[in-house]
Amino acid sequence: MLNGQNASTATDIADPETIDKTWTLVTGAPAGPFRILDIVGLTTAYNIAVMNPQAADPETVPGKVAAMLKERIDAGKTGINAGERFYVYDK
């Protein structure tokens, strides 16, 4: 499901906050997929995403997801430990 949620942001359907809020309201989960990605770290998510052969094609949804994750990793926005990713955290 995380890839589907990343795809929503990668294709500009919704922002992470809206997706997380919707996810938690619908499922009753304590955190949405983007908050979970912040906890897990984007490097881990990126390494999993690029294992998909379709991620090599930037025109595919997996390719857009991988590019989005890589852009944020390159900017140092890797998750809670970095203080920022999809959300900003106090260190």
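Above: the structure in question.
Everything numeric in this text was worked out from a predicted model, so none of it was measured.

Undergrad: A description of the environment of Ala82 should follow, citing residues and the corresponding values.
TA: Looking at the secondary structure, you find Ala82 in the segment after α5 (61-74). In this structure Ala82 comes out as partly exposed when scored by relative accessible area, which is 25%. When the C-alpha positions of Ala82 and Asp38 are compared, they lie 9.5 Å apart, and in sequence the two are 44 residues distant.

Undergrad: Help me get a handle on the pattern of salt bridges, residues and values and all.
TA: Applying the stated criterion across every chain, the model contains 1 salt bridge. Asp74 is paired through a salt bridge with Lys70; the nearest N and O atoms lie 2.8 Å apart. Here the residue Asp74 and the residue Lys70 both occupy positions in helix α5, the gap between them amounting to 4 residues, near one helical turn. On the basis of relative accessibility, which here comes to 34%, the residue Lys70 falls in the partly exposed class.

About the thresholds
Residues numbered from 1 in each chain as written. Predicted model: local features only at pLDDT ≥ 70, side-chain atom pairs only at ≥ 80, totals over all residues. Heavy atoms only, no water. Helix = DSSP H or I, 4+ residues; strand = E, 2+ residues; numbered from the N terminus. Buried < 20%, exposed > 50% of the residue type's maximum accessible area, 1.4 Å probe, protein only. Salt bridge = Lys/Arg side-chain N within 4 Å of Asp/Glu carboxyl O.

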